[in-house]
Amino acid sequence: MAAESGDKWILTVTAQTPTNIAVIKYWGKRHEELILPINDSISVTLDPDHLCTTTSVAVSPAFTHDRMWLNGKEVSLSGGRFQNCLRELRSRASDVEDEKKGIKITKKDWEKLHLHVVSFNNFPTAAGLASSAAGLACLVFSLANLMNVKEDHSKLSAIARQGSGSACRSLFGGFAKWIMGKENGSDSIAVQLADEKHWDDLVIIIAVVSSRQKETSSTSGMRDTVETSMLLQHRAKEVVPKRIKQMEEAIEKRDFPSFARLACADSNQFHAVCLDTLPPIFYMNDTSHKIISCVEKWNRHEGTPQVAYTFDAGPNAVLISHNRKTAALLLQRLLFLFPPQPDTDLDSYVIGDKTILKDAGIHEMKDVEALSPPPELKENAPSRNKGDVSYFICTRPGRGPVVLTDESRSLINSETGLPK
Amino acid sequence: MAAESGDKWILTVTAQTPTNIAVIKYWGKRHEELILPINDSISVTLDPDHLCTTTSVAVSPAFTHDRMWLNGKEVSLSGGRFQNCLRELRSRASDVEDEKKGIKITKKDWEKLHLHVVSFNNFPTAAGLASSAAGLACLVFSLANLMNVKEDHSKLSAIARQGSGSACRSLFGGFAKWIMGKEENGSDSIAVQLADEKHWDDLVIIIAVVSSRQKETSSTSGMRDTVETSMLLQHRAKEVVPKRIKQMEEAIEKRDFPSFARLACADSNQFHAVCLDTLPPIFYMNDTSHKIISCVEKWNRHEGTPQVAYTFDAGPNAVLISHNRKTAALLLQRLLFLFPPQPDTDLDSYVIGDKTILKDAGIHEMKDVEALSPPPELKENAPSRNKGDVSYFICTRPGRGPVVLTDESRSLINSETGLPK
């Protein structure tokens with residue numbers, strides 16, 4: 001190690017990681033601690049411009065403890081999952097040298113050095129938008145960079161998996177598959193099926209549904225399902241393997257009708273096994289059902305799927321449109337059914353890629369109020385439900401994790417090693 | 001046949017039939033027209049004092065067509081299901097003689113004679129309370145009586161089954177099982193009684209009629225969609241339900257409430273799960289249904305042993321079965337806490353059926369409803385009180401099977417005109 005004045009050096013890395021949405025769902029573990037699933041899953045990664053975690057990690061001999069701050073609040077790293085990730089990373093670390101700063105860290109040093117981690121999501125944690133997947137993936141990715149872990153993204157995904165199952169899929173952009181593996185976890189990894197450019201016509205609109213309910217945690221929920229559902233094993237052994245093959249093919253061929261059919265069916269079946277649990281788990285609510293009804297009716301009316309829907313462990317709807325034109329038509333339907341509360345700023349009601357509003361012919365609130373019922377619903381014009389949706393996010397499939405080299409993007413003060 | 005003046009005679013029978021609620025569910029047919037199910041089902045019959053269909057049937061040589069009136073409105077009997085029932089009954093009819101009135105009908109006559117049917121439910125059809133089960137069972141039962149069909153209730157259930165699957169179980173009081181059968185022609189797909197209404201008469205049943213603006217997916221088309229598109233249904237029918245049927249029969253026989261409750265709740269949830277696993281997905285339960293389930297689950301967990309079983313059919317209404325009257329009163333307090341009525345509602349119309357349950361719950365007037373405290377297991381996260389989510393409650397119990405009403409004043413048919421009174 002360097003001389004005493006060197007004991008104050010701080011080395012930092014900042015990275016950004018996307019979140020992902022499963023289209024063939026992970027629900028149920030065969031091994032709790034290693035987080036090994038009972039079936040494969042497939043996801044689409046979302047554009048980090050709109051939804052991402054940014055994490056800065058720092059190491060310094062002056063740090064006395066591993067510490068972490070999440071969205072401005074200090075949180076504990078003592079939990080088993082964090083410890084597993086840190087242990088895995090430290091054992092794979094290699095030598096790091098920063099000649100300019102005169103820093104030299106050997107592989108062995110990593111075992112004794114402490115880390116500071118500062119992480120922010122650019123979307124509300126309470127929105128149920130899979131923040132732990134993005135967060136854990138970012139933690140692992142940024143530390144792997146800091147510690148010079150010389151492994152590919154699939155190997156890194158096996159480490160992220162031990163922090164949060166679905167985090168492993170966030171190590172890739174575009175479309176990813178989490179292979180369940182057969183062994184003790186070394187082969188339970190994520191691979192990329194296609195990158196974000198492969199099918200970039202797709203437009204993704206997320207309806208963040210207002211919910212007062214505290215959701216059942218995924219970890220305990222899926223454990224209850226494994227223990228009590230008499231339908232889950234049949235799903236995992238007979239249904240999902242077929243759907244995984246079909247979904248891989250649909251993605252490869254950009255076959256939207258098959259993609260949509262599979263995504264909707266798997267989302268519904270995931271929620272079905274949640275209902276088949278003791279005690280039953282209800283993640284979707286009446287608003288979620290109205291959104292599904294709207295999409296189902298429209299798809300039926302057009303004769304071929306226009307939009308795929310999928311719901312995770314919460315009431316939010318993730319709606320995937322075939323292309324921009326369809327997405328604009330979808331947005332008109334959504335804004336008809338779910339106008340904002342009075343005095344809401346349009347600019348904060350549809351966020352992310354806001355240009356979709358223009359495509360939908362909507363420039364100001366008056367245009368929202370003036371929307372007519374969609375043709376397929378004219379006979380039984382549904383009610384307009386103000387406030388059922390908190391806001392919409394418009395995004396697209398996006399890239400995988402990246403290191404941010406611009407020091408101004410660092411969340412850590414390079415002198416103190418503490419959050420800026 | 002009799003002389004011309006005799007051509008104006010009218011023979012009538014009036015009967016009353018209960019409705020029933022499945023605790024192991026029927027959802028899915030292996031044969032559409034004969035209405036043969038893919039699994040057995042078990043139900044509890046509800047007290048006809050509170051929920052029933054009353055049907056008067058009449059025959060007369062003066063009638064020119066088969067006609068039916070349901071809840072005051074004339075309806076068509078031309079549909080396949082009605083025709084199947086009428087055909088089966090006519091083919092099993094036997095001679096009828098009313099010496100007093102000088103009426104004599106031979107078996108052959110029944111083929112040519114026309115019928116009038118007048119039917120009323122004493123509960124709203126729109127309430128989603130399985131009115132077609134009670135109605136079809138009553139049609140079959142009353143006509144079987146009129147036509148002197150000499151068959152037991154299980155054989156009659158096979159006829160009712162062809163009108164509406166779950167109707168077959170309404171041929172019995174207490175607890176009934178609809179055996180799926182193996183025969184292609186459905187002759188062995190019949191209902192049998194597992195236990196009569198006195199066997200477990202401590203049970204109290206409270207139904208929450210949940211407000212719903214949605215038009216429900218019809219059971220017939222819904223279950224067909226599930227059969228065609230759900231990849232979980234066959235597994236349910238082949239692997240899960242047979243085990244549950246055995247366990248439920250045992251639970252009923254032994255009056256084992258914890259097992260009864262566990263099985264009823266699990267099967268209700270699994271039924272709704274396969275509905276969700278359908279293309280397009282079917283949502284019968286709504287947020288209010290979920291709140292009721294949460295309430296019961298939390299209370300059951302808090303007490304360590306089930307207090308209340310819940311089950312939901314093809315709609316948002318909750319059927320809540322309590323172990324005994326004391327538990328039912330505690331349940332009612334919880335339900336009224338969570339779902340108080342809209343302002344200016346008469347308590348007398350908010351809890352109907354066996355209204356004495358209110359007294360057991362310490363509730364005498366609306367003020368008592370307003371003054372209710374959150375239940376102990378919910379004190380930490382006291383839930384909101386949701387006025388208007390429930391339209392009203394019905395308090396009932398397991399009840400008897402179909403009966404003929406001999407009191408002529410109960411007839412719904414004018415004995416002179418043969419038309420509805």
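Any chance you could explain the environment of E296 of chain A here in plain terms?
All names here are of chain A. Along the chain, E296 falls in helix 8 (residues 286–302). Judged by its relative accessible area of 11%, E296 is buried. Taking the C-alpha atoms as reference, E296 lies 45 Å from D406; in sequence the two are 110 residues apart.

How do you make sense of helix 6 (residues 233–254) of chain B when you look at a structure like this?
Residues and elements named next belong to chain B. Spanning 22 residues, helix 6 covers 30 Å between terminal C-alpha atoms, matching the ideal 32 Å at 1.5 Å per step. Maximal helix bending in helix 6 amounts to about 40°, located at V240; proline P242 follows within four positions. Looking one or two residues beyond helix 6, the residue adopting positive phi is R255, at roughly 55°.

What should I look at first to understand the state of the cysteines in this one?
A disulfide bridge is the covalent bond that connects two cysteines by way of their sulfur atoms. Residues and elements named next belong to chain A. Counted according to the given criterion, the structure contains zero disulfides over all chains. The structure places no disulfide on C138, whose sulfur is separated from the nearest cysteine sulfur, that of C52, by 7.6 Å. On the basis of relative accessible area, C138 is assigned to the buried category, the value being 0%. Here C168 is not disulfide-linked; the sulfur of C85 is the nearest cysteine sulfur, at 11 Å. By relative accessible area, which is 0% here, C168 ends up buried.

Which parts of the structure should I look at to understand the side chain of R161 of chain B?
All names here are of chain B. With respect to the helices and strands, R161 occurs in helix 4 (residues 153–161). Of the buried charged residues, R161 lacks a salt bridge, with D188 as the closest side chain of opposite charge at 6.9 Å. From its side chain, R161 meets the backbone oxygen of G186 in a polar contact 2.9 Å long. Apart from the residues within four sequence positions on either side, R161 is in contact with L34, I35, L36, C168, W178, G186 and S189.

Is there a simple way to think about the interface of chain B and chain A in this case?
How big an interface is tends to be stated in terms of the accessible area lost upon association of its parts. Contacts between the two partners involve 27 residues from chain B, matched on the other side by 27 residues from chain A. Summing both partners gives a buried area of about 2,500 Å² for chain B against chain A, and 69% of it is carried by carbon and sulfur. Its largest share of buried area at the contact with chain A, chain B owes to M231, L232 and F283 of chain B, together 23% of the area lost on that side. Summed over the shared surface of chain B and chain A, the result is zero salt bridges. Applying the counting rule to chain B against chain A returns five residue pairs in polar contact (both at pLDDT 80 or more). Ranked by residues supplied to the side of chain B that touches chain A, first place goes to helix 7 (residues 257–276) of chain B with six residues.

Could you clarify how one ought to interpret the packing of helix 1 (residues 80–92) of chain A against helix 3 (residues 131–146) of chain A in this entry?
Angle between the axes and distance between the axes: these two values describe a pair of packed helices. Residue and element names in this part refer to chain A. Between helix 1 and helix 3, the least distance of the axes is 10 Å, while the angle of their chain directions is 20°. By the criterion of interaxial angle, the relationship of helix 1 to helix 3 is roughly parallel. In the crossing of helix 1 with helix 3, the sense of the turn from one axis to the other is right-handed. Residues F82, C85, L86 and L89 of helix 1 lie in contact with helix 3, whose contacting residues are L136, L139, V140, L143 and A144. By residue class, the composition of the contact of helix 1 with helix 3 is nine nonpolar, no polar and no charged.

Just to check I follow, could you spell out the pattern of salt bridges for this structure?
Any two side chains of opposite charge can pair, so long as their charged atoms come close to each other. Applying the stated criterion across every chain, the model contains 40 salt bridges over all chains. When the shortest N-O distance is used, the salt bridge between E32 of chain A and R223 of chain A registers 3.5 Å. A residue pair is termed long-range when its members are at least 10 positions apart, and E32 of chain A in the loop between strand 3 (29–31) and strand 4 (36–37) and R223 of chain A in helix 5 (residues 218–228) qualify at 191 residues. Take E32 of chain A: its relative accessible area is 35%, and that puts it in the partly exposed class. With a relative accessible area of 33%, R223 of chain A lands in the partly exposed category. With a shortest N-O distance of 3.2 Å, K355 of chain B and D348 of chain B are connected by a salt bridge. Given a relative accessible area of 32%, K355 of chain B falls into the partly exposed group.

Even after reading the chapter, I still don't get unusual backbone geometry, so can you show me in this structure?
Trans is the prevailing form of peptide bonds, just as negative phi is the prevailing case for residues other than glycine. For the bond from L278 of chain A to P279 of chain A, the omega torsion is -5°, close enough to zero to count as cis. Assignment of secondary structure puts P279 of chain A in the loop between helix 7 (256–275) and helix 8. Cis geometry is adopted by the peptide bond preceding P280 of chain B, which originates at L279 of chain B and carries an omega value of -5°. Along the polypeptide, P280 of chain B turns up in the loop between helix 7 and helix 8 (287–303). Located in the positive-phi region is I35 of chain A, a residue other than glycine, with phi close to 55°. Within the secondary structure layout, I35 of chain A lies in the loop between strand 3 and strand 4. I35 of chain A sits in the buried class, given a relative accessible area of 1%.

I tried to follow the pairing of strand 6 (residues 52–60) of chain A on my own but got confused; where do I start?
In the case of a regular strand, side chains alternate between the two sheet surfaces. Residues and elements named next belong to chain A. Within strand 6, nine of the nine residues are buried, which leaves the element mostly enclosed by the surrounding structure. Going residue by residue along strand 6, you find C52, T54, S56, A58 and S60 tucked away on one face and T53, T55, V57 and V59 tucked away on the opposite face as well. When strand 1 (residues 11–18) meets strand 6, the two strands line up antiparallel, connected through eight bridges. Within strand 6, the position partnered with V13 by the bridge is V57. The pairing of strand 6 with strand 11 (residues 114–121) spans eight bridges and is classified as antiparallel. Within strand 11, the position partnered with V59 by the bridge is L115.

Scoring rules and cut-offs
Residues numbered from 1 in each chain as written. Chains lettered and ligands numbered in written order. Predicted model: local features only at pLDDT ≥ 70, side-chain atom pairs only at ≥ 80, totals over all residues. Heavy atoms only, no water. Helix = DSSP H or I, 4+ residues; strand = E, 2+ residues; numbered from the N terminus. Buried < 20%, exposed > 50% of the residue type's maximum accessible area, 1.4 Å probe, protein only. Expected span 1.5 Å × (residues − 1). Bend = angle between axes of the 7 residues up to and from the residue. Disulfide = S-S within 2.5 Å. Lys, Arg positive; Asp, Glu negative; His and termini not counted. Salt bridge = Lys/Arg side-chain N within 4 Å of Asp/Glu carboxyl O. Polar contact = N/O pair within 3.5 Å; in protein donor to acceptor, adjacent residues only side chain to side chain. Contact = heavy atoms within 4.5 Å. Buried area = accessible area lost by both parts, 1.4 Å probe. Axes fitted to C-alpha atoms, helices over the stretch in contact; angles between N-to-C directions. Parallel < 35°, antiparallel > 145°, perpendicular 65-115°, else oblique. Left-handed = near helix turned anticlockwise from the far one by under 90°. Nonpolar A, V, L, I, M, F, W, Y, C, P; charged D, E, K, R; others polar. Pairing = 2+ DSSP bridges.

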